[in-house]
Amino acid sequence: MSPKCIIVERPEEWAGLFPDEFLVISPTTYLLGEVNAQRRGLRVVNLSRSYGYLTTGYYCSLLADARKQRVIPSPRTVLELRRQVLPLLDTAWIDERAERALRRRSEDLVELDLCFGETDDPELRTLCSRIYLEFPCPLLRVVFRRTDCWHLREIRAGDVGKLDAAGREALAGALSRRVGRASRGGPTRSPARFDIAILWDPEEAMPPSGVKALKAFEREGRLLGLEVERIRKTDLTRLGEFDALFIRATTEIEHYTFRFARKGIAEGLIVIDDPDSIIRCANKVFLAETLRAAKIPSPNARILAKGRMNGIAEELGYPVVLKIPDGSFSRGVVRADDPQGLAEKAAVLFKESDLILAQEYLFTDFDWRIGVLDRQPLYACRYFMVPGHWQIVDHSRGGPAREGGSDCVPLEEVPKTVLDSALAAANLIGDGLYGIDLKQFGDRVVVIEVNDNPSIDAGVEDELLGPELYRKIMECFLRRLERRSTGEREQAPTR
């Protein structure tokens, strides 16, 4: 578990209010770098009385940022909360949410004092939590006024120095819930070195990792000294509790998974899948153009726009495969066998996207999937086509999807051209966790796509490696967290 530091003007007034894991020191002690306050990776909660520009409170947040520590409030938040810049902030979304939350109120003025985004008013909890997410500050003073409709009138950092004993106790309790870690019960053990959140969706029909695999990640992580906890899409405001985020729900751009990835990066977490990887992998048009520009063999393809589909037969022939840019698990991928089918199926896909991708049809008995992590091959799997169908997942009959079989292949038995092509494609995206899909025809190997959120599931991708597969991924998080905590520059491993 990462060490935590709380900065307060008079530490004696807060004695006994925080768990023992918190180091409670004064602003001066922190600024002078005493008692290990310069350590990288330290989580800092700045409860200074004032964050005014060039005050000690402001400098505490500023130097925490310079020391590569995660601090609440950040220097950016401090500056945004100054009253004189409020008109420059985009707060229309707050007004919209306030109108929904407050429209039944009889009064025309609502004043709120939020401790880490918490409020006692159950009708306003969602609104207040969302405000804290945008302006993460320990104590917030928020004022709404109704004219024709409700508007945010004021938002600023509260004065911790004005809190009485009950107020300090309430703030300390909220801090422990937001930043601390509650006891999990069970046998006593050494504190975890780092905390990792695994984002999952228990209702997802085809998740990248099922419950058995998630438990394996948790088990292997804890054997490495990591505290691993599953979180859901309702836990966005909890990201500040963790050191790293591992997304195990299917990612999309306009989706909560992307918001988690962006928020995680903004909070200073190690994130897999990172937002850039999601953006680059989510769009098949982008991938096709990226592979073409890098001269990595891929299926002959053409980007299609409405009314601009002439010459498809001459370029790609029939059958031709049509794809919406952001489909997954074979969804949004169709085959047209003739000009009439092309026109009809393209018209359906154009309802979802202004551009679609047409690719030459390449049938093989199986697709290669090479898992790549940290620019290194992790596993190799073969996914076989559904019997009587041309894809590895068949959504065409309605009801539950049908899947073909699979098997794993030792990396040393994978053809070199397949491995080299997979690594070259993955390196175009980044150094995260990717699944590269390829087809092989004799000596010809083509990259079909790069997936930022590849399946890691029990009985499939772990067929050969077993627990070692999950351990290798958790070890990647551990390496990155240790590098960050020591200030070591990250370097990609060499083959």
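Residues numbered from 1 in each chain as written. Predicted model: local features only at pLDDT ≥ 70, side-chain atom pairs only at ≥ 80, totals over all residues. Heavy atoms only, no water.

Asker: Looking at this model, I keep getting lost on helix 4 (residues 92-102). Mind explaining?
Answerer: The periodicity of an α-helix, 3.6 residues per turn, causes residues three or four places apart in sequence to face the same way. Along helix 4, the residues classified as buried are W93, I94, D95, A98 and L102. The secondary structure elements touched by the buried residues of helix 4 are strand 5 (109-115), helix 5 (125-134), strand 6 (139-146) and strand 7 (150-157). (Buried < 20%, exposed > 50% of the residue type's maximum accessible area, 1.4 Å probe, protein only. Helix = DSSP H or I, 4+ residues; strand = E, 2+ residues; numbered from the N terminus. Contact = heavy atoms within 4.5 Å.)

Asker: Sorry if this is basic, but what is going on with the sheet that holds strand 10 (residues 244-247) here?
Answerer: Note on sheets: strands pair through backbone hydrogen bonds, and any given pair is parallel or antiparallel. Read across the open sheet, the four strands follow the order 9-8-10-11; overall the sheet is parallel. Looking at strand neighbours, the two that pair on one side only are strand 9 (226-231) and strand 11 (270-272), the edges of this open sheet. Ignoring strand direction, the axes of neighbouring strands in this sheet form an average angle of 20°. One ladder, built from four bridges, connects strand 8 (residues 194-199) with strand 10; its direction is parallel. Opposite I196, over in strand 10, you have A244 as the bridge partner. Packed on one face of the sheet, helix 8 (residues 256-266) meets strand 8, strand 9, strand 10 and strand 11 and runs near 160° to strand 10. (Pairing = 2+ DSSP bridges. Axes fitted to C-alpha atoms, helices over the stretch in contact; angles between N-to-C directions.)

Asker: Looking at this model, I keep getting lost on the packing of helix 4 against helix 5. Mind explaining?
Answerer: In a pair of packed helices, the angle between the axes and the distance between the axes together describe the arrangement. Contact geometry for helix 4 and helix 5: axes closest at 10 Å, N-to-C directions at 165°. What the angle tells us is that helix 4 and helix 5 run roughly antiparallel. For the pair helix 4 and helix 5, the sense of crossing is left-handed. On helix 5, the residues touching W93, I94, R97, A98 and A101 of helix 4 are L127, R130, I131 and E134. For the contact of helix 4 with helix 5, the residue count by class is six nonpolar, no polar and three charged. (Parallel < 35°, antiparallel > 145°, perpendicular 65-115°, else oblique. Left-handed = near helix turned anticlockwise from the far one by under 90°. Nonpolar A, V, L, I, M, F, W, Y, C, P; charged D, E, K, R; others polar.)

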